[in-house]
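Observations on the three-dimensional arrangement
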Amino acid sequence: MAGISLRKLNKTFGALTVVHDIDLEIADKEFIILVGPSGCGKSTTLRMIAGLEEISGGELIIGHDLMNDVPSKDRDIAMVFQNYALYPHMTVYKNMAFGLELRKAPRDVIDRHVQEAAKILDITHLLNRKPKALSGGQRQRVALGRAMVRNPAVFLLDEPLSNLDAKLRGTMRAEITKLHKRLDATFIYVTHDQVEAMTMADRIVVMKDGHIQQVDTPQNLYDRPVNMFVAGFIGAPQMNLMPATLQQQGGRFTVSVDGQVLPLPRGFDESRLAPYAGGEVVLGIRPENFHELVPGDIDPENTAPFQAVVELAEPMGSEIHLNLVAGLRSVIGRVSPRFRPRIGDAVTLTADMTNAQLFDPRTERSILY
């Protein structure tokens, strides 16, 4: 069993605290991803789990054992680094075997483990090469293989794909996801790339300034962000966040954005909305909820015309990203490639409010959840 518990875990460097009392339960065999902007504390947290950073306070429990003062080599973990950390003078085979050789494993055991890992990763034909003769993707596979041969209970991966090109990152995302299912081990993965987090994780931990903002499944993070930071961080392009006024008219709640009145769905919890009636809120609408036509599967009651001026159009092949100006607000919409307005055109889009979000402008917390 390799469930992991972080209990009030923190890290300080002198007077500076970079990780603040983190509480997190990671289930055995779970694929969990720590995501956030640079400097949010995600890599430091991973390094504390690995034993590469001293824990300043709190408890780290792996399985049922307190690991705060246990050396890294005795934690039954393996780490894959961003820069691969391969020995340049060793062959691929020797790089993969090195950890087992240090543990004085029998030669036949070492060979079996290396060959099995190489077969899984499709690098058997590379075993006699040295790292300088490998591509970035091949080096990453070797780094994964070196971790695999130890058969650890926990894999720690620190931005392992950040040095790869976009196409190879997509391929390796799928490979690592399949590898997790095949190895049946706990994976803790750090990235600043929310696309990696959304496509790979069982659960995502969103961090900011050393604090956990939200822990949830990828879809729940997308659909039910607990605050404005999570709403803006998860999703590409990011959610539009617009100052608005909440109003109640004829038994229906609406929001007004620079004079444009947009209805809120009747299914929203009115008890949560009522205290804000007549006051300021922040409205969140994702770019894909602006349409050039009213889709047939949307209740017209939950839509409203939204007028804006096109500032920039970015063709993406399957869609167009429109940079819009609505009153004093910059807004992004994702529309069909059939819709081709010109820069400077005044357009009227349909705003689908079904999945709209509302936030308290003072606390930045969600009003709806």
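Report follows, based on the coordinates. Keep in mind that this is a model prediction, so the values were computed, not measured.

**Re the overall build of the chain**
- Along its length, the chain carries nine helices and 20 strands.
- Its C-alpha atoms give the chain principal-axis dimensions of about 80 × 45 × 35 Å.
- Contacts spanning at least 24 positions in sequence make up 66% of the contacts within the chain whose residues lie at least 6 apart.
- When the accessible area of the chain is evaluated, it comes to approximately 17,400 Å², of which 49% is carbon and sulfur surface.
- The chain carries 41 positive and 44 negative side-chain charges, and their two centres are separated by 8 Å.

**Details of the packing of aromatic side chains**
- The full count for this structure, using the stated rule, is six aromatic pairs.
- Here tyrosine 87 and phenylalanine 98 contribute two aromatic rings whose centre-to-centre distance is 5.0 Å and whose plane-to-plane angle is 65°, an arrangement assigned as edge-to-face. Here phenylalanine 98 lies in helix H2 (residues 92-102) and tyrosine 87 lies in the loop between strand S6 (77-80) and H2, a separation of eleven residues in the sequence.
- Consider the rings of phenylalanine 155 and phenylalanine 187, whose centres lie 4.8 Å apart with planes at 35°: the pair is tilted. With phenylalanine 155 in strand S7 (residues 154-158) and phenylalanine 187 in strand S8 (residues 186-191), the pair connects residues that are 32 residues apart, well separated along the chain. The same class applies to phenylalanine 155 and to phenylalanine 187, which are both buried.
- Each residue in the set Phe31, Phe155, Phe187 and Tyr189 is aromatic and connected to the rest through ring pairs, giving one cluster.

**With respect to the sheet that holds strand S12 (residues 252-257)**
- Taken in spatial order, the five strands make up an open sheet running S13-S12-S11-S14-S20, and their pairing is antiparallel. The open sheet is flanked by strand S13 (260-263) and strand S20 (357-359), the only strands paired with a single partner. Here the average twist between neighbouring strands, direction ignored, is 40°.
- Here S12 pairs with S13 via four bridges, running antiparallel. Residue pairing across strands places valine 257 opposite glutamine 260, the latter belonging to S13.

**Comments concerning the packing of helix H4 (residues 136-148) against helix H5 (residues 166-183)**
- Packing of H4 against H5 brings their axes to within 11 Å, and their N-to-C directions diverge by 15°. For the element pair H4 / H5, the angle class is roughly parallel. Pair H4 / H5 crosses with right-handed handedness. In this structure, H4 uses Gly136, Gly137, Gln140, Arg141, Leu144 and Met148 to contact H5, whose residues at the interface are Leu168, Met172, Glu175, Ile176, Leu179 and Leu183.
- For the contact of H4 with H5, the per-class residue count stands at seven nonpolar, three polar and two charged.

**Regarding the sheet that holds strand S2 (residues 16-26)**
- Taking strand neighbours across the sheet as the criterion, the four strands line up as S2-S1-S4-S5 in an open arrangement whose pairing is antiparallel. Two strands close off the open sheet at either side, each with one partner strand: S2 and strand S5 (65-66).
- One ladder, built from five bridges, connects strand S1 (residues 4-13) with strand S4 (residues 57-62); its direction is antiparallel. Counted as the bridge partner of leucine 6 is leucine 60 from S4.
- Lying on the sheet, helix H1 (residues 42-50) is in contact with S1, S2 and S4; it crosses S1 at an angle near 115°.

**Looking at the pairing of strand S9 (residues 203-208)**
- Summarising the sheet, strand S3 (residues 31-35) and S9 pair through four bridges and their orientation is parallel. In the sheet register, isoleucine 33 faces S9, and the bridge partner there is isoleucine 204.
- Pairing geometry for S9 and strand S10 (residues 211-216), over five bridges, is antiparallel. Bridge pairing in S10 links valine 205 to valine 215.
- A loop of two residues connects S9 with S10, the two strands running antiparallel in sequence, and aspartate 209 in this loop sits at a positive phi of about 50°.

**A word on the side chain of aspartate 360**
- Residue position: aspartate 360 is located in the segment after S20.
- A relative accessible area of 7% places aspartate 360 in the buried class.
- A polar side-chain atom of aspartate 360 sits 2.8 Å from a polar atom in the side chain of tyrosine 276.
- A polar side-chain atom of aspartate 360 sits 3.4 Å from the main-chain amide nitrogen of threonine 363.

**What about unusual backbone geometry?**
- Residue proline 237 is bonded to the preceding alanine 236 through a cis peptide linkage, with omega at -5°.
- Among the structural elements, proline 237 can be located in the loop between helix H8 (228-233) and strand S11 (240-249).
- In this model, aspartate 258 sits at a positive phi of 50°, which is unusual for a non-glycine residue.
- With a relative accessible area of 38%, aspartate 258 lands in the partly exposed category.

**A closer look at the pattern of salt bridges**
- Per the counting criterion, the structure on display carries 16 salt bridges.
- For glutamate 53, the salt bridge identified is with lysine 11, shortest N-O distance 3.7 Å. Here lysine 11 lies in strand S1 and glutamate 53 lies in the loop between H1 and S4, a separation of 42 residues in the sequence.
- One salt bridge in this structure joins arginine 203 and glutamate 30, with 2.5 Å as the shortest N-O distance. In this pair, arginine 203 is assigned in strand S9 and glutamate 30 in the loop between S2 and S3, connecting sequence segments 173 residues apart.
- Take arginine 203: its relative accessible area is 22%, and that puts it in the partly exposed class.
- One connected set of salt bridges, linked through shared partners, spans Lys11, Arg47 and Glu53.

Conventions and cut-offs
- Residues numbered from 1 in each chain as written.
- Predicted model: local features only at pLDDT ≥ 70, side-chain atom pairs only at ≥ 80, totals over all residues.
- Heavy atoms only, no water.
- Helix = DSSP H or I, 4+ residues; strand = E, 2+ residues; numbered from the N terminus.
- Contact = heavy atoms within 4.5 Å.
- Areas by Shrake-Rupley, 256 points an atom, 1.4 Å probe, with all protein chains shown as cover.
- Lys, Arg positive; Asp, Glu negative; His and termini not counted.
- Charge placed at Lys NZ, Arg CZ, Asp CG, Glu CD.
- Phe/Tyr/Trp six-rings, centres within 6.5 Å; stacked < 30°, edge-to-face > 60°.
- Buried < 20%, exposed > 50% of the residue type's maximum accessible area, 1.4 Å probe, protein only.
- Pairing = 2+ DSSP bridges.
- Axes fitted to C-alpha atoms, helices over the stretch in contact; angles between N-to-C directions.
- Parallel < 35°, antiparallel > 145°, perpendicular 65-115°, else oblique.
- Left-handed = near helix turned anticlockwise from the far one by under 90°.
- Nonpolar A, V, L, I, M, F, W, Y, C, P; charged D, E, K, R; others polar.
- Polar contact = N/O pair within 3.5 Å; in protein donor to acceptor, adjacent residues only side chain to side chain.
- Salt bridge = Lys/Arg side-chain N within 4 Å of Asp/Glu carboxyl O.

In short, the description is geometric, and any link to function would need to be established separately.
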